[in-house]
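# Analysis of the macromolecular model
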Amino acid sequence: MLSRKKPSSITIEFSCGNYYKIPSCLFSISNLEYLQIDRCIFSLPREFEGFKQLTVLNLKYFSSTDSDINNLISSCPWRNTLRLKYFEGINCLRIQAQALQVLEVKGSFEDFHLHAPNLSNVYVTLDKTEVADRSKNHLMQAFVSLTGIEALVMKRCMVVLPQAFEDAGIANLISSCLWLKTLHLKYFEGISCPYSSSGTHLEVQGNFEDLHLHAPNLLYLTLDKTETEQCDAVAGDKKNYPKEAFVSLTSIEELSINGPSLTYLSEGCLLTEPPGVLDRLRKVSIGECFWHWTEVLGACSIFRNAPMLRELEIQFFASNFYRASLDRTSQPIWDHDQTEIEEPTLHHLLTATTTGFVGLEYEVDLVRLLLRWSPALEELKVVRDDEDVLNDVCMYESLTKLLALPRASTKAKIIAI
């Protein structure tokens with residue numbers, strides 16, 4: 001029926017059951033512009049001449065072969081969007097598309113060749129659950145033609161760069177993409193110093209030893225360090241980690257950071273000259289943080305160098321096991337046996353939001369500090385955790401303490417949600 005009606009758009013989706021085998025007559029609809037197939041098996045007929053008008057091709061949970069998928073892709077000269085997710089039977093992807101603008105690949109494959117000089121967005125992802133042999137899942141010759149790319153996401157994959165990139169590796173790859181605006185590096189290994197050159201959006205999620213950013217145009221930065229090394233911040237350390245990480249970020253407006261990244265920044269930052277480059281930073285979001293002394297120290301190093309900070313979001317992070325094993329008074333905001341920190345003053349902070357509040361003593365202490373540091377604060381929201389394992393009486397006592405805390409700002413309101 002579809003082949004007789006010859007529609008310009010077709011979507012075939014099955015949510016469960018065995019994969020549906022696509023009849024070969026579907027591939028005779030020459031005027032097709034949009035095609036989406038979920039949970040299907042397809043093989044191309046011998047007489048297949050291609051979809052000459054196709055602009056969007058979305059294939060998800062499908063089975064095919066190397067030759068069929070590569071022939072299907074190469075037969076669509078006007079395609080601008082291609083998404084391939086969770087596929088079977090494909091080992092080598094060879095994507096040649098002059099007009100391709102958006103590409104997303106998520107699945108398990110051994111080799112990947114890409115020639116798409118007009119590509120502006122690319123998302124290349126390997127799902128760990130589908131990787132049988134991690135050493136074989138890499139990107140070979142995949143980035144040769146991506147000099148005009150604007151957005152790049154790489155996650156759970158091994159990048160084997162061609163000869164032109166071998167010397168400087170991932171850094172040379174990034175710097176060669178002159179139009180790159182958005183870069184996401186997630187779950188990586190073997191990179192000690194990731195950086196961005198000309199982009200406006202950067203997300204780094206992985207384990208790194210050193211972080212040097214040369215990105216004067218960067219507006220939005222997310223640092224999500226996946227591992228925490230033991231850290232004792234010592235005055236006079238050889239490195240000034242905040243300065244090395246942020247020295248060029250003169251345009252940054254929003255920063256998202258987690259606890260291990262704060263611990264990284266705390267190394268060597270005592271009694272050192274601040275970088276003084278976060279003059280345009282307006283918003284800071286802090287997540288996955290237990291607020292140990294080193295994490296507080298790293299946060300303070302950011303606050304002291306963000307004179308125009310107006311909005312702060314903090315996510316308290318404690319698993320049920322951690323909460324259940326912790327007495328409410330057993331965790332101070334920092335260890336007073338350590339060297340005292342130089343407390344910041346958040347002159348322009350107007351709003352602060354804390355989420356995941358369960359009433360632990362260190363959470364109350366942190367709110368106390370924010371109220372003491374913020375003379376212009378107008379509103380501080382405390383959002384309680386819906387999965388709180390502690391009893392309502394203890395929560396009531398904690399909220400009572402919050403409302404009684406002294407405030408540097410006469411306008412500050414505390415709102416408990």
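Thresholds, definitions, all that
Residues numbered from 1 in each chain as written. Predicted model: local features only at pLDDT ≥ 70, side-chain atom pairs only at ≥ 80, totals over all residues. Heavy atoms only, no water. Helix = DSSP H or I, 4+ residues; strand = E, 2+ residues; numbered from the N terminus. Buried < 20%, exposed > 50% of the residue type's maximum accessible area, 1.4 Å probe, protein only. Contact = heavy atoms within 4.5 Å. Axes fitted to C-alpha atoms, helices over the stretch in contact; angles between N-to-C directions. Parallel < 35°, antiparallel > 145°, perpendicular 65-115°, else oblique. Nonpolar A, V, L, I, M, F, W, Y, C, P; charged D, E, K, R; others polar. 1 Å grid on protein atoms, 1.4 Å probe; cavity = no way out; pocket = protein on both sides within 12 Å on 5 of 7 lines; lining within 4 Å. Points joined across faces, edges and corners; volume = space filled by probe spheres on them. Salt bridge = Lys/Arg side-chain N within 4 Å of Asp/Glu carboxyl O. Core = buried A, V, L, I, M, F, W, Y, C linked by side-chain atoms within 4.5 Å. Phe/Tyr/Trp six-rings, centres within 6.5 Å; stacked < 30°, edge-to-face > 60°. Polar contact = N/O pair within 3.5 Å; in protein donor to acceptor, adjacent residues only side chain to side chain.

As annotated in an unreviewed UniProt entry, the protein chain is At1g61320/AtMIF1 LRR domain-containing protein from Oryza meridionalis.

### Some details on the overall build of the protein chain
Secondary structure assignment for the protein chain yields nine helices and 21 strands. Taken across its 417 residues, the protein chain has 50% of its residues classed as buried. A fraction of 60% describes how many contacts in the protein chain between residues 6 or more apart in sequence connect residues 24 or more apart.

### With respect to the packing of helix α5 (residues 259-266) against helix α6 (residues 293-303)
Between α5 and α6, whose axes approach to 7 Å, the crossing angle comes to 75°. Considered as vectors, α5 and α6 are oriented roughly perpendicular to each other. Across the interface between the two elements, G259, P260, L262, T263, L265 and S266 of α5 pack against T294, E295, L297, G298, A299 and I302 of α6. A per-class count over the contact of α5 with α6 returns six nonpolar, five polar and one charged.

### Thoughts on the environment of L312
Looking at the element boundaries, L312 is found in strand β18 (residues 311-316). The buried category is assigned to L312, whose relative accessible area is 1%. Sequence separation of L312 and L380 is 68 residues, and the distance between their C-alpha atoms is 9.4 Å.

### Quick word on empty space enclosed by the protein
For the coordinates displayed, the defined rule picks out one cavity of 30 Å³ or more. Roughly 40 Å³ of volume is contained in the largest cavity. Lining the largest cavity, in full, are W291, V296, A299, C300, F303, L312, I314, L366, L370 and W373. Listing elements by their share of the lining of the largest cavity, those giving two or more residues are α6, β18 and α8 (361-373). Among the residues forming the lining of the largest cavity, the class breakdown is 10 nonpolar, no polar and no charged.

### Describing the pattern of salt bridges
Evaluation of the coordinates by the stated rule reveals 10 salt bridges. For K401, the salt bridge is made with E361, and the minimal N-O distance between the two is 3.4 Å. Here K401 is found in helix α9 (residues 392-403), whereas its partner E361 is found in helix α8, with 40 residues between them in sequence. The exposure class of K401 is partly exposed, given its relative accessible area of 42%. Classification of E361 as buried rests on a relative accessible area of 18%. We note a salt bridge from K411 to E378, for which the minimum N-O separation is 4.0 Å. Residue K411 is found in the loop between α9 and β21 (413-416), and its partner E378 is found in the loop between α8 and β20 (379-384); the two are separated by 33 residues along the sequence. Linked through salt bridges whose partners overlap, the residues forming this network are R83, K85 and E104.

### Remarks on the nonpolar core
Counting residues in hydrophobic clusters, the biggest one holds 61 residues, and the most contacted among them are L221, F246, I286, W291, I302 and L312. Among the elements that line this core, the one with the most residues is α8, at eight residues. If sequence neighbours within four positions are ignored, L221 has contacts with L202, L213, F246, L249, I252, E254, L255 and S256. Formed by 37 residues, the second largest nonpolar core is a distinct cluster that contains F42, L44, F48 and L54.

### Considering the packing of aromatic side chains
Centre-to-centre distance and the angle between the planes together describe a pair of aromatic rings. Inspection of the entire model under this criterion finds 11 aromatic pairs. Residues F27 and F42 carry aromatic rings whose centres are separated by 6.0 Å and whose planes lie at 45° to one another, so their mutual orientation is tilted. Of this pair, F27 sits in the loop between β2 (20-21) and β3 (34-41) while F42 sits in the loop between β3 and β4 (56-63); the two residues are 15 residues apart in sequence, bridging distant segments of the chain. Plain terms: the ring middles of F42 and F62 are 6.0 Å apart, the flat faces sit at 25° to each other, and that makes the pair stacked. With F42 in the loop between β3 and β4 and F62 in strand β4, this residue pair connects regions lying 20 residues apart in the sequence. Each member of the pair F42 and F62 is classed as buried. Each member of the aromatic cluster is reached from another via a ring pair, and the members are F27, F42, F48, F51, F62 and F87.

### A closer look at unusual backbone geometry
Positioned with a positive phi, Y61 is a non-glycine residue whose angle comes to about 50°. Here Y61 lies in strand β4. Positive phi, normally seen in glycine, also occurs at W291, with a value near 60°. Accessibility expressed as a relative area gives 2% for W291, which makes it buried.

### Observations concerning the environment of S251
Within the secondary structure layout, S251 lies in the loop between α4 (241-246) and β16 (254-258). Between the alpha carbons of S251 and L218 there is a distance of 6.0 Å; along the sequence they are 33 residues apart. Setting aside residues up to four positions removed in sequence, S251 forms contacts with P216, N217, L218, L219 and R280. Engagement of the side chain of S251 in a polar contact is seen with the backbone oxygen of P216, the distance being 2.8 Å.

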